[in-house]
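If you want the building blocks of each chain, they are given just below.
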Amino acid sequence: MDQRPDWRSFEGRRNKRDYLSRIELSRRGFLGLGAAVAAGVATGGFALPARHLRAASHNVPFVEPEVRVSRGGVLETTLRAAVAPVTVAGGTAITSVYEGVYPAPTLWVRPGDVLKIHLENGLDGITNLHTHGFHVSPLPPSDAVLLHIMPGDSYDFEFSIPKNHPSGTFWYHPHFHGLSNEQVFGGMAGAIIIEGDLDHLPGVAGLWQHLLVLTSIELGPDGHLLPPDQRNQANFLRLVNGQLNPTISIRPNETQRWRIANASASTFYNLQLDGHQFHQIAKDGNTLAQVWTRDQIVMGPGERVEVLIQGGPAGTYALRTLEFVMGGGATEPDVVLATLVSEGQGHGSRPLPTALMPFDDLSKATLSRPPRNITFQVKPNKVFEIDNQQFDEDRVDQWVQLGATEEWVINNDSNVWHPFHIHINDYQVTAVNGQPVTAHGYDDTTPVPPHGSITMRTRFLDYAGKFVYHCHILPHEDGGMMGIVEVVDPNAGPATASQAAASPYYCDLPGLASKADFGATTDRAISQISRDV
Ligand SMILES: [Cu+2]
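Residues numbered from 1 in each chain as written. Predicted model: local features only at pLDDT ≥ 70, side-chain atom pairs only at ≥ 80, totals over all residues. Heavy atoms only, no water.

Chemist: Mind showing me how you'd approach the nonpolar core here?
Modeler: Across soluble globular proteins, you tend to see nonpolar side chains buried next to one another. Counting 29 residues, the largest nonpolar core has Trp-408, Ile-410, Phe-420, Ile-422, Phe-460, Tyr-469 and Val-485 as its most contacted members. Considering each element in turn, this core owes the most residues, three residues, to strand S33 (residues 465-471). The residues contacting Ile-410, other than those within four sequence positions of it, are Ile-374, Phe-376, Phe-420, Val-448, Gly-452, Ser-453 and Ile-454. With 25 residues, the next largest nonpolar core counts Tyr-98, Leu-123, Ile-192 and Ile-194 among its residues. (Core = buried A, V, L, I, M, F, W, Y, C linked by side-chain atoms within 4.5 Å. Buried < 20%, exposed > 50% of the residue type's maximum accessible area, 1.4 Å probe, protein only. Helix = DSSP H or I, 4+ residues; strand = E, 2+ residues; numbered from the N terminus. Contact = heavy atoms within 4.5 Å.)

Here it is as structure tokens:
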């Protein structure tokens, strides 16, 4: 009954058959793997001279990950995490992936759907799963990143996506503290598309879409990840859907919608499409209030943007990431990510949308308490901290009352960029380095400048429980730059408190050191939980 993708989304010069052939193409790529693996092994595996290949690859047709679509309000699927030979940049890598593909399959759902994921851990390390950008429960079996899914075990996640959930581009990846970087860097990352309001807006509906999953990786001659101490960020292969510099085609004047996800573990991009502008319509799965046209877009790890591209005159254009100074002596290099070829019969140009979707402006909202200050710190010997503490899964760093409207100032007390990310509830950036800014919409991930700050406002709506906020450069996160927020429902009766106590999340309440922060109602709820523990 429920036929998705909604083919109306793919009207224009292509139709359902074209779309299916596109999936078929990626399937063929998958089926062709066997031969590629054999060849890779026979020739000693993978030997990618990074910079060399960057220039060498031409006319690689752009492919997109396999799509798994919900039917009748449910998407039930298995994600098996295991080390497998996969096609990366046209060669064979042997790395940790989901479902034997790099990047992972795209999950396509709608607001109100239930997403059921049977996660099998075929790795030799602990793993779990995070739905980045989802506003869903942080309690098991939902977006519970404090879960430990042991090697050989499996787990059935179930994400109930609210009916009023924003539509847009999201992604999933493992989140087990200490192994997040290795697993994501290896290739465990995939996109999630929530189809909804945005897809029906005039000027957006019916556009041909492309998904660009940006990842980076560094492989040794044997096709395995280089050991961490041998990696050099400047040499990472910067891939689009696992491909090195694929070719995307467009017609002159045609408008396409590109969903771009930075699913890399630690790479910043400074995107530019030569000869074109980005007409941005969404950020982090949130539709902007109006189209934001710009020449370059900086994207830290974890961020997503959706942009409209209007095909330029016939010709070839580079989608590149420009040099970006990370700080601390590190610089991201200028690399061509993909090539846009504008060719064929000119397309009747379509007007760009102007107004998109209003958002709930929190800049004048009444706050439930004084602002919180959170500070990212880098200490000697690669010790990464927030507020002078490394992550501890048994400690709650911020207690929040369910329904509260809060302002958080995220300070960066170091000389490198750190992308801030918080789970479950998105936020509105209201100031950068103390200077007020007018937001275009909500974020879930925002780069915090070196020795600077961002100020954001957020509402802790709908879901009580523990979740995390952290730097999304995953080596920093694994190094300790993460904290736990616990949202407590002040109206939770004894039954709820007792359920909470039965959850492993509540079995180890920390000392109530920051108790002074709480209002009386929150105190009461905490004391109920404590008694049950
Ligand atoms: Cu960081």
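Chemist: It is not clear to me how the coordination of the copper ion should be interpreted in this structure. Could you clarify?
Modeler: Metal coordination angles have textbook ideals: 109.5 degrees for a tetrahedral set of four donors and 90 or 180 degrees for an octahedral set of six. Here the copper ion is held by the protein donor atoms His-418 (ND1), Cys-471 (SG) and His-476 (ND1), which lie 2.0 to 2.1 Å from it. Taken in chain order, the donor set of the copper ion reads H-x52-C-x4-H. Here the residue His-418 occupies a position in strand S28 (residues 418-422), and Cys-471 occupies one in strand S33, the gap between them amounting to 53 residues. Across the pair, exposure class does not vary: His-418 and Cys-471 are buried alike. (Donors = N, O, S within 2.8 Å, 3.2 Å for Na, K, Ca; no water.)

Chemist: Just to check I follow, could you spell out the pairing of strand S21 (residues 324-327) for this structure?
Modeler: Each regular strand displays side chains that alternate between the two surfaces of the sheet. One ladder, built from three bridges, connects S21 with strand S22 (residues 330-332); its direction is antiparallel. Its bridge partner being in S22, Val-325 is matched across the sheet by Thr-331. Following S21, the chain reverses through two residues before pairing antiparallel with S22; Gly-328 in that reversal takes a positive phi of roughly 60°. (Pairing = 2+ DSSP bridges.)

Chemist: Honestly, unusual backbone geometry in this entry has me stumped. Any pointers?
Modeler: When glycine is set aside, most residues are seen to have a negative phi, and most peptide bonds are trans. Residues Tyr-102 and Pro-103 are joined by a peptide bond in cis, for which omega reads -10°. Looking at the secondary structure, you find Pro-103 in the loop between strand S4 (91-98) and strand S5 (106-109). The phi dihedral of Asn-253 falls on the positive side, at around 75°, and the residue is not glycine. Here Asn-253 is to be found in the loop between strand S13 (246-250) and strand S14 (255-262). Positive phi, close to 60°, is recorded for Asn-381, a residue that is not glycine. The topology assignment puts Asn-381 in the loop between strand S24 (372-379) and strand S25 (383-386).

Chemist: Sorry, what's going on with the side chain of Gln-280 here?
Modeler: Here Gln-280 lies in strand S16 (residues 278-283). Overall, the relative accessible area of 0% leaves Gln-280 in the buried class. Not counting the four nearest positions on each side in its chain, Gln-280 is found in contact with Leu-288, Gln-290, Val-291, Trp-292, Arg-294, Ile-297, Val-305, Glu-306 and Val-307.

Chemist: I keep staring at the pattern of salt bridges and nothing clicks. Help me out?
Modeler: A side chain with one charge may pair with a side chain of the opposite charge, provided their charged atoms come close. Enumeration over the complete set of coordinates arrives at 22 salt bridges. Of the charged contacts, one joins Glu-332 and Arg-238 as a salt bridge, the two residues approaching to 2.6 Å between their closest N and O atoms. Residue Glu-332 is located in strand S22, and its partner Arg-238 is located in strand S12 (residues 237-240); the two are separated by 94 residues in the primary sequence. The same class applies to Glu-332 and to Arg-238, which are both buried. Between Asp-274 and Arg-320 there is a salt bridge; the shortest N-O distance is 2.7 Å. Taken as a pair, Asp-274 in the loop between strand S15 (269-273) and S16 and Arg-320 in strand S20 (residues 315-321) lie far apart in primary sequence, 46 residues in all. (Salt bridge = Lys/Arg side-chain N within 4 Å of Asp/Glu carboxyl O.)

Chemist: Teacher, can you tell me more about the sheet that holds strand S26 (residues 398-401) here?
Modeler: The strands making up a sheet associate through backbone hydrogen bonding, with each pair oriented either parallel or antiparallel. In spatial order, the strands read S26-S34-S33-S28-S31; together these five strands make up an open sheet with mixed pairing. The sheet terminates laterally at S26 and strand S31 (445-448), the two strands that pair on one side only. On average, each strand axis in the sheet is inclined to that of its neighbour by 25°, with strand direction left out of account. As defined by bridge partners, S28 adjoins S33 across three bridges and the pair is classed as antiparallel. Across the sheet, His-421 pairs through a bridge with His-470, a residue of S33. (Axes fitted to C-alpha atoms, helices over the stretch in contact; angles between N-to-C directions.)

Chemist: Would you mind going over the side chain of Glu-385 with me for this structure?
Modeler: Considering the arrangement of structural elements, one finds Glu-385 in strand S25. On the accessibility criterion, Glu-385 (11% relative accessible area) is buried. Sequence-distant contacts of Glu-385, that is, excluding residues within four places in its chain, are made with Thr-375, Phe-376, Gln-377, Lys-379, Gln-390, Gly-480 and Met-481.

Chemist: Looking at this model, I keep getting lost on the sheet that holds strand S1 (residues 60-61). Mind explaining?
Modeler: Strand order in the open sheet made by the six strands is S1-S13-S23-S20-S15-S18, with mixed pairing throughout. Among the strands making up the open sheet, the edge pair consists of S1 and strand S18 (296-299). By the bridge criterion, seven bridges tie S20 to strand S23 (residues 335-342) in an arrangement that is antiparallel. Counted as the bridge partner of Arg-320 is Val-336 from S23.

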